[in-house]
Amino acid sequence: MIHFDDVSKHYDTTFALRNITLSLEKGEMAFLTGPSGAGKTTLLKLIYAAEHPDSGRVTMAEWDSDHLDSATIPLLRRNVGIVFQDFRLLDNRNVFDNVALALRIRNISERDVKERVLDTLRMVNLRHKTDSFPPALSGGEQQRVVIARAIAGDPIMLLADEPTGNLDSDTAAGIMRIFKEINARGTTMVIATHNRELYRHTGMRVFRIDAGAIAGIDRG
Amino acid sequence: MTYYLKATLQSLVREKWINLLSVLTIAMGLLIVSLVSVIVYNVDRATAKLPDTFSVTAYMKEDVSDAEAQQTVGVIRRNRNVENVRYISKAEALKELRKTLKDADYILEGLNEAPLPASLEIRLKRSSVQPESVKAFIADLRKMNGIEDIQYGEKLLSSIHSIRSGVRTAGIIFMVIMGAGITFICYSTVKILFYRRKEEIETLKLLGATRTFIRTPFVLEGSALGAAGGAAGLAVLFAFDVGLLRSLVSSVPLFGSVVFPTFLVPALPAAGLFLGFAGALIAIGRIRF
C-alpha cells in the first residue's frame, strides 16, 4: 500500500528524513514514534504529497511521487484521511459542515452528505454536537470531529499525527478504540505518536524514527 | 452548486462591510461610466442625423444651356457617392425664391431675367458623408465643365465629425480606464478575502479539493459584487434620469433631444458582473498544491 524507497528530505541545510525505506501492507495499522523533530510529520506529509522527496520515491496505492502533479494530488488526498496535529477545523463552520467538507469536495450529493455525516458523527459519539462550532468543543471533541472528517469520505488510508497529543488518558483510549474500529473495516492506518500507551499491547509494527532515520522497528 | 452558492452567500454576509464598500465603489465607477455613455450616445445620435440633411449645391455657369446641364446631371448621378441629383433651372430658382419671399416678392418686379443661376442639389449616400470622401467628391465636381461655384457646409461637416470622433475616442478611453479601475477594486476585494481565508484554503487543499472547488466561491463572490455594483449604479442612474434629466429635457431647449439610452439597463449589471468575474479570476491566480 505504501512504499518509501530510499527517501530523503531536507529543509535548507537540515535533513528531515534520511534514506528512509519502508513498506506498509494494505489494511495494516502501524505507528511512527520518536522524539519531537525526528521527522514523523514529514514522513506523513510525504504520503499525502504535502511535501515532495528530494531523493528516492514514495508510492501510495497507484500514486507515485515522481508522477504527481496538481491534477492528481487532489485525487490522492481524497483517498487519504488525515487527522492533523493542529486539527485544522474551520472555526466559522459547525461540526456538521466541517465533516461535510470532506464529502462536498468529492461532489457527493447533499442528501448523501447528510446521511454519511450523521452516521460518522454517531460513530465518534458526536451526533449531539452537530450544530456546535469548534471553539465551543473540548479538545477531545475537536479531535473526534477531525477523525470524523478524515473517515467520512471512506478513504483507503488514515494518517494521524499526534492524535492524542493534548488529551487525557481516558479520552486517548476512546480515540484509540475508534481507530481500531476504522482499521477493522480494512483501512490502512499510520499513527505518529509520542504516547506509548497507544501502541502498547497492540501487536502492531512501531517504526522508531530518530534524526530523520529509522532507528528500529518493534512490535507494540 | 448548492455548496458554491451557500459558501458565496456566507462569505458575502460574513465580510459584509468590505463587500458593501466594494459594491458602493463599483457602483460609483459604473455610474460615472454610464453618465459618459449617456453623453457619447447622445452626441453620436445627434451627429448621426447629419448625412440625412447634408447636401451639396453646385451653381452652373451663366452660359450653360438646360441640355448641357442635364448632361452634367447624368455624369454626377453615375458617381458612386451620389444618392440623387436635382437640377434647378433659373426659372425654377426664381419660382422658389418668390415662394420664399411670399408678400415681399415685389422686390423681384422689374427684373428682366431670372436673378439666380441654375444649380444642382446633390445628396450624397449616408456612407459618403465623411470629410475625406466629400472633399474628394467636391474636387471631382470642380473639374466638370459648366460648374461655376460649389457650396457645402465644409467647416460644419469637419467640426461635427471632429466632435463626434473626439467624444467617441475620449469616451472609450475613459470607459477602458474606469473598467480597469473597477476590475482592480474587485481584484483587491477578492485578494483580501483570499488572504483572510488562506488557512481555510490550505485545509481544503489538504482534504483533496480541486482548484475549481476552491476558486468557484471566490469567482462567484467577485461576480456578485460586480453585478450588485452595476445594479446599484443603475438605480442611481434611474434616479438621475427621473429626477433631473427628464425635467431638463422638458424645460431646457438644449436638452430637448437628449434621451436615456435603454441599453444601459442590462449593460450596467452585466458589465459589473464581467469586471467582477475578471477581477476575481486575476486575484486568485494559480493555486499551487
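To keep things clear, this report deals only with the structure shown in the data block. Every value quoted in this text rests on a predicted model; they were computed, and no experiment measured them.

**Let's talk about the packing of aromatic side chains**
Residue and element names in this part refer to chain B.
Okay, so step 1: A full pass over the atoms with the stated rule returns ten aromatic pairs over all chains.
Okay, so step 2: Aromatic side chains F194 and F218 sit 5.0 Å apart centroid to centroid with 65° between the ring planes, which places their arrangement in the edge-to-face category. With F194 in helix α7 (residues 154-196) and F218 in helix α9 (residues 211-251), the pair connects residues that are 24 residues apart, well separated along the chain. F218 matches F194 in its accessibility class, with the two residues each being buried.
Okay, so step 3: Centre to centre, the rings of F238 and F260 are 5.7 Å apart; their planes meet at 25°, and the pair counts as stacked. Here the residue F238 occupies a position in helix α9, and F260 occupies one in the loop between α9 and α10 (264-284), the gap between them amounting to 22 residues.

**A look at the sheet that holds strand β3 (residues 119-124) of chain B**
Residue and element names in this part refer to chain B.
Okay, so step 1: The sheet built from four strands is open, its strands ordered β2-β3-β1-β4 with antiparallel pairing. Edge positions in the sheet fall to β2 (82-88) and β4 (147-151), since each has one partner strand and no second. On average, each strand axis in the sheet is inclined to that of its neighbour by 20°, with strand direction left out of account.
Okay, so step 2: When β2 meets β3, the two strands line up antiparallel, connected through six bridges.

**A closer look at the environment of A:L101**
Okay, so step 1: For A:L101, the position within the fold is in helix α3 (residues 95-104).
Okay, so step 2: When the C-alpha atoms of A:L101 and A:R149 are compared, they prove to be 7.6 Å apart, with 48 residues separating the residues in sequence.
Okay, so step 3: Not counting residues within four places of it along the chain, the set of residues in contact with A:L101 comprises A:L90, A:R93, B:Y3, B:L204 and B:L207.

Calculation rules
- Residues numbered from 1 in each chain as written.
- Chains lettered and ligands numbered in written order.
- Predicted model: local features only at pLDDT ≥ 70, side-chain atom pairs only at ≥ 80, totals over all residues.
- Heavy atoms only, no water.
- Phe/Tyr/Trp six-rings, centres within 6.5 Å; stacked < 30°, edge-to-face > 60°.
- Helix = DSSP H or I, 4+ residues; strand = E, 2+ residues; numbered from the N terminus.
- Buried < 20%, exposed > 50% of the residue type's maximum accessible area, 1.4 Å probe, protein only.
- Pairing = 2+ DSSP bridges.
- Axes fitted to C-alpha atoms, helices over the stretch in contact; angles between N-to-C directions.
- Contact = heavy atoms within 4.5 Å.

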